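Descriptive structure summary
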Amino acid sequence: KAGVTQTPRYLIKTRGQQVTLSCSPISGHRSVSWYQQTPGQGLQFLFEYFSETQRNKGNFPGRFSGRQFSNSRSEMNVSTLELGDSALYLCASSLAGGTGQGWYEQYFGPGTRLTVT
Amino acid sequence: AQSVTQLDSHVSVSEGTPVLLRCNYSSSYSPSLFWYVQHPNKGLQLLLKYTSAATLVKGINGFEAEFKKSETSFHLTKPSAHMSDAAEYFCVVSDPGGKLIFGQGTELSVKP
């Protein structure tokens, strides 16, 4: 079974631009979560999508947005890039994500390394 | 609110000696706790999980962790370190909605 794939793996953008990152979950998984990893702030939760609906959201500004398609693939968009947005963006997929009633393992992709200059 | 604190940012051991990576948690609920490992330029991999079953949890690659409610701890151990264990390790708690909350990470170095 193929793992979680993220494209592109590396990206360089300039301040003020926007960027779209893509995540393809493991086949059959319906939940996709996004995380930002930086040396200073560590790993922080951005949002989770389940069946094309945002189900959970972290404490990030509205410049960070996402969506999920009917095939469970997900995209994350960052508008008006700032230097502080330079980070490794990780996507994770799971069968059903958090339900409050159970737990499903999250499988992580290799990440997209975004550099903002 | 849920949170985790990893007590050491860096741990260095010699190959063949025991590994101890320390983690304390805070949770308003009965927590789900995990340890993830991240090798350089690779994604995160789940080592083990605690979800209110047995308090001693065995994971992959010889790692195990013990949930101690009285001490609010979930330390990760391995009897004998291998060079391939060198990586960053994250202690993680899940909030009731399933969001993962990560500790700051512990970098494990293994000396030959």
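The following paragraphs examine the structure supplied in this document. All values reported here derive from a predicted model rather than from experimental measurement. (Residues numbered from 1 in each chain as written. Chains lettered and ligands numbered in written order. Predicted model: local features only at pLDDT ≥ 70, side-chain atom pairs only at ≥ 80, totals over all residues. Heavy atoms only, no water.)

Evaluation of the coordinates by the stated rule reveals 13 aromatic pairs over all chains. With centroids separated by 6.3 Å and ring planes inclined at 50 degrees, the aromatic side chains of B:Tyr50 and B:Phe74 adopt a geometry described as tilted. Of this pair, B:Tyr50 sits in strand 6 (residues 44-50) while B:Phe74 sits in strand 9 (residues 73-78); the two residues are 24 residues apart in sequence, bridging distant segments of the chain. Pair check on accessibility: B:Tyr50 and B:Phe74 agree, each one buried. Relative to B:Tyr89, the ring of B:Phe63 lies with its centre 5.6 Å away and its plane at 45 degrees, an arrangement referred to as tilted. With a gap of 26 residues between them, B:Phe63 in the loop between strand 7 (56-58) and strand 8 (64-68) and B:Tyr89 in strand 10 (residues 87-94) connect regions that are remote in the sequence. One aromatic cluster is present, formed by A:Tyr35, A:Phe45, A:Phe108, B:Tyr36, B:Phe90 and B:Phe102 through successive ring pairs. (Phe/Tyr/Trp six-rings, centres within 6.5 Å; stacked < 30°, edge-to-face > 60°. Helix = DSSP H or I, 4+ residues; strand = E, 2+ residues; numbered from the N terminus. Buried < 20%, exposed > 50% of the residue type's maximum accessible area, 1.4 Å probe, protein only.)

The next point concerns the interface of chain B and chain A. Counting residues at the interface gives 18 residues for chain B and 20 residues for chain A. Across the chain B/chain A interface, buried area totals approximately 1600 Å², and carbon plus sulfur atoms make up 56% of it. Broken down residue by residue, the surface that chain B buries against chain A is led by B:Leu44, B:Lys99 and B:Phe102, which jointly contribute 27%. Run the count over chain B and chain A and you get zero salt bridges. Across the chain B-chain A interface, the total number found is two residue pairs in polar contact (both at pLDDT 80 or more). Elements represented by at least two residues in the side of chain B that touches chain A include exactly strand 5 (32-38), strand 6, strand 10 and strand 11 (100-102) of chain B. Residue composition of the side of chain B that touches chain A, by class: eight nonpolar, eight polar and two charged. (Contact = heavy atoms within 4.5 Å. Buried area = accessible area lost by both parts, 1.4 Å probe. Salt bridge = Lys/Arg side-chain N within 4 Å of Asp/Glu carboxyl O. Polar contact = N/O pair within 3.5 Å; in protein donor to acceptor, adjacent residues only side chain to side chain. Nonpolar A, V, L, I, M, F, W, Y, C, P; charged D, E, K, R; others polar.)

In this section: the environment of B:Phe90. All names here are of chain B. Assignment of secondary structure puts Phe90 in strand 10. Phe90 sits in the buried class, given a relative accessible area of 2%. Considering only alpha carbons, one finds Phe90 and Leu100, 10 residues apart in sequence, at a separation of 11 Å.

What follows covers the state of the cysteines. Per the counting criterion, the structure on display carries two disulfides over all chains. There is a disulfide in this structure between A:Cys23 and A:Cys91, and the S-S distance comes to 1.7 Å. Judged by the sign of its S-S torsion, about -45 degrees, the bond between A:Cys23 and A:Cys91 is left-handed. In this pair, A:Cys23 is assigned in strand 3 (residues 19-24) and A:Cys91 in strand 9 (residues 87-94), connecting sequence segments 68 residues apart. The burial state of A:Cys23 is the same as that of A:Cys91; both residues are buried. For B:Cys23, the disulfide goes to B:Cys91, at an S-S distance of 2.0 Å. Here B:Cys23 and B:Cys91 share a disulfide; its torsion about the S-S bond, -65 degrees, makes the bridge left-handed. (Disulfide = S-S within 2.5 Å.)

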